[in-house]
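Structure at a glance
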Number of protein chains: 2
Amino acid sequence: MDERAALALIDETLPAAGDDAAVVGSLVVTTDMLHESTDFPAGTTRYTAGWRAVGASLSDVAAMGARATAAVAVYGAPAFDPEELSAFLRGARDVCADAGAEYVGGDLDGHDEFTVATTALGETEAPVLRSGATPGETVCVTGTLGRSGAAVRLFPNAPERANDLFRFSPRVAAGLAVAPRAGAMMDSSDGLARSLHQLAEASDCGFRVEYDALPVDGSVRDLADDPDDERDLALYFGEDFELVFTTDDPEAAREASPTPVSEIGTVTEGGEGVRLDGEALPDRGFTHN
Amino acid sequence: MDERAALALIDETLPAAGDDAAVVGSLVVTTDMLHESTDFPAGTTRYTAGWRAVGASLSDVAAMGARATAAVAVYGAPAFDPEELSAFLRGARDVCADAGAEYVGGDLDGHDEFTVATTALGETEAPVLRSGATPGETVCVTGTLGRSGAAVRLFPNAPERANDLFRFSPRVAAGLAVAPRAGAMMDSSDGLARSLHQLAEASDCGFRVEYDALPVDGSVRDLADDPDDERDLALYFGEDFELVFTTDDPEAAREASPTPVSEIGTVTEGGEGVRLDGEALPDRGFTHN
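Quick notes on the rules
- Residues numbered from 1 in each chain as written.
- Chains lettered and ligands numbered in written order.
- Predicted model: local features only at pLDDT ≥ 70, side-chain atom pairs only at ≥ 80, totals over all residues.
- Heavy atoms only, no water.
- Contact = heavy atoms within 4.5 Å.
- Buried area = accessible area lost by both parts, 1.4 Å probe.
- Salt bridge = Lys/Arg side-chain N within 4 Å of Asp/Glu carboxyl O.
- Helix = DSSP H or I, 4+ residues; strand = E, 2+ residues; numbered from the N terminus.
- Nonpolar A, V, L, I, M, F, W, Y, C, P; charged D, E, K, R; others polar.
- Pairing = 2+ DSSP bridges.
- Axes fitted to C-alpha atoms, helices over the stretch in contact; angles between N-to-C directions.
- UniProt positions renumbered as here; feature names shortened; annotations may be inferred.
- Expected span 1.5 Å × (residues − 1).
- Buried < 20%, exposed > 50% of the residue type's maximum accessible area, 1.4 Å probe, protein only.
- Polar contact = N/O pair within 3.5 Å; in protein donor to acceptor, adjacent residues only side chain to side chain.
- Domains from an automatic or database assignment.
- Least-squares fit on C-alpha atoms with pLDDT ≥ 70 in both.

With respect to the interface of chain B and chain A
Between chain B and chain A, the contact holds 50 residues from the first and 50 residues from the second. Interface area for chain B against chain A, summed over the two sides, is near 4200 Å², with a carbon-plus-sulfur share of 72%. Connecting chain B to chain A are zero salt bridges. Contributing elements (two or more residues each) for the side of chain B that touches chain A: α1 (3-13), β1 (22-24), β2 (27-35), β3 (67-77), α4 (82-99), β4 (102-110) and β5 (115-123) of chain B. If one sorts the elements of the side of chain B that touches chain A by residue count, β4 of chain B sits on top with nine residues. Per-class residue counts for the side of chain B that touches chain A are 27 nonpolar, 13 polar and ten charged.

Listed below in structure tokens is the structure:
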């Protein structure tokens, strides 16, 4: 069973699961596990790892349109080097401060592979689900796409710049700002293409998106080998943790959001599928292995 | 740096950390990571693993004297076998039901070693900390000691009985019942000896405990090679997830608790250390490696 089938099994078993975060009353809670071989390329500092691991969970809170309140993490490593651990904690605290949340601690685990498990909490009276998109709405994305893919390319030769690119701002403030106007929302952690397919499935809708409207990150244009490679990084690589949302008032959403919002297409009927420049957009992306 | 020194570093960095769970307003939150090589002996079913991993976090909520509300988990494994995953989810849900909490989902991670990260949430207006013990109070423990150590011995030859012993009831109801009368409280996850030392350090007190007063589990008496081995399992093995607490009214605590409560000794002044039958009790126990 692949990861997607396994996630479907969890969703069937647990009605509260299946969105970016679980909803418990007015609380949202989300948890992730990241580890060295798949999530932290050689050269990733522990500061960046702490930032990014906790940031990934804060991004899920943002995707619910919720206020981020607190986060915890477990730091699993073969040894506990004080400088590495301090750097990790600093990264975790700084990303929480960036998102308006408090980093309240966690635990340690002696573990062969560097592994981090994070949990973030948030609050909202009106969570924005993946299932609320309606045909006719505009589909938007915050920030830029492909930055993390570009960072992974940069690690071997320019690790400092790669670390900078790899630390993203969880879009909590943007999520709160657009939530009252959003039909459906999720984050782009598995790439834009997969996010659109997941929204389409949850909302029983289709999407029509234009490539030229996508906010491809400048670093991607610099680093891509050719136009096909650029499209791969922008559409499929993922791990950018931007928000993808639908709205019937994109102008108001754009004005309310502290992060740039790009209109990339429209919501269509369920039977029409996910189309990019008129062609079917493959449902592939970053599957965590 | 060993795990205890690293935990001390975390506590210095994060004022909200350092107890069984972090306190955020009236919310308590706690997270753990367990993995195959150290936490799940060969023969542990995925049902037991789900129960036990989520139960460990619920036990930390119980140790704060809080009501358990919800839990999430990340299931990290080399492959996602539907039967194993379903069994894990069933165990996670059943231990939550046992503790009055809701299991609300989580995530998956492809991971070389079977690894589970769990987070539990609770609510209380008056968390019971490790730092509230006062000389003259009675020190008590819920349930029995040594059951998990006995289970580990049983796995090679009697895996079914071992799995049964290995699934513990998080003492949430007992924690709620004794909280109004408790000075300090924590769970016995690292063993009774280490718990007493941790309470002594946090409360700046000592303890005088009698071995004959300890509620050693019947399975330990059956399985121990000799009296020394029995003491090892009861005092140091840990992982029993019982509550260790101090109170000035042990009779009321015993009457209020749905789980048996044993009076095992008294709180003394800080200079007196932790003593068992008049001898210094070594500060050793289960350190997760």
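Read on, since the account is not over.
Focus on the sheet that holds strand β10 (residues 261-269) of chain A
Residue and element names in this part refer to chain A. The sheet built from seven strands is open, its strands ordered β7-β9-β6-β10-β8-β11-β12 with mixed pairing. Only two strands of the sheet have a single partner each, and these edge strands are β7 (182-187) and β12 (279-280). Inspection of the sheet shows strand β11 (residues 274-276) paired to β12 by two bridges, in the antiparallel sense. Bridge pairing links Arg275 to Ala280 in β12. Relative to the sheet, helix α3 (residues 46-63) contacts β7 and β9 (243-247), its axis offset from that of β7 by approximately 170 degrees.

Description of the UniProt feature "domain: PurM-like C-terminal" (unreviewed entry) in chain A
Within this structure's numbering, the places UniProt gives as "domain: PurM-like C-terminal" (unreviewed entry) are residues 135-273 of chain A. End C-alpha to end C-alpha, residues 135-273 of chain A measures 12 Å, and it is 42% helix and 22% strand.

Concerning α4 of chain B
Here α4 of chain B is 18 residues long and its end C-alpha atoms lie 26 Å apart, about the 26 Å a rise of 1.5 Å per residue gives. Turning to α4 of chain B, its buried residues are Leu85, Ala87, Phe88, Leu89, Gly91, Ala92, Val95, Cys96 and Ala99 of chain B. Against the buried residues of α4 of chain B lie α1 (3-13) of chain A together with α3 (46-63), β3, β4, β5 and α7 (172-178) of chain B. Between the side-chain oxygen of the N-cap and the backbone nitrogen of Glu83 of chain B there are 3.1 Å, and the N-cap of α4 of chain B in question is Asp81 of chain B. With its phi angle positive at about 75 degrees, Gly100 of chain B sits one or two positions after the end of α4 of chain B.

Some thoughts on the UniProt feature "binding site: Mg(2+) 5" (unreviewed entry) in chain A
On the UniProt side, "binding site: Mg(2+) 5" (unreviewed entry) is annotated at positions that read Asp190 of chain A here. Position of Asp190 of chain A relative to the elements: it lies in the loop between β7 and α8 (192-203).

A closer look at the domain arrangement of chain A
Residues and elements named next belong to chain A. Assigned domains within chain A: domain 1 (3-123) and domain 2 (138-280). Look at where the C-alpha atoms of domain 1 and domain 2 centre, and you get two points 21 Å apart. Contacts between domain 1 and domain 2 engage 28 residues on the former and 21 residues on the latter. Buried area between domain 1 and domain 2, summed over both chains or domains, comes out near 2000 Å², and the portion from carbon and sulfur atoms is 57%. Viewed at the interface, domain 2 and domain 1 are joined by one salt bridge. The residue Glu239 makes a salt bridge to Arg52 at a minimum N-O spacing of 3.5 Å. Summed over the shared surface of domain 1 and domain 2, the result is eleven residue pairs in polar contact (both at pLDDT 80 or more). With eleven residues, α3 is the single largest residue contributor to the side of domain 1 that touches domain 2. Per-class residue counts for the side of domain 1 that touches domain 2 are 13 nonpolar, seven polar and eight charged.

Here we look at the relation of the copies chain B and chain A
The operation relating the two chain copies consists of a rotation about an axis and a shift along that axis. Mapping chain B onto chain A calls for a rotation angle of 180 degrees and an axial translation of 0.0 Å; the resulting RMSD is 0.0 Å. Taken together, these values place the two copies in the relation of a two-fold axis. Within chain B, Ala117 of chain B has its C-alpha nearest the rotation axis, a separation of 3.1 Å. Interface overlap between copies: 100% of the residues of chain B at the interface are likewise at the interface in chain A, consistent with a symmetric, same-surface contact.

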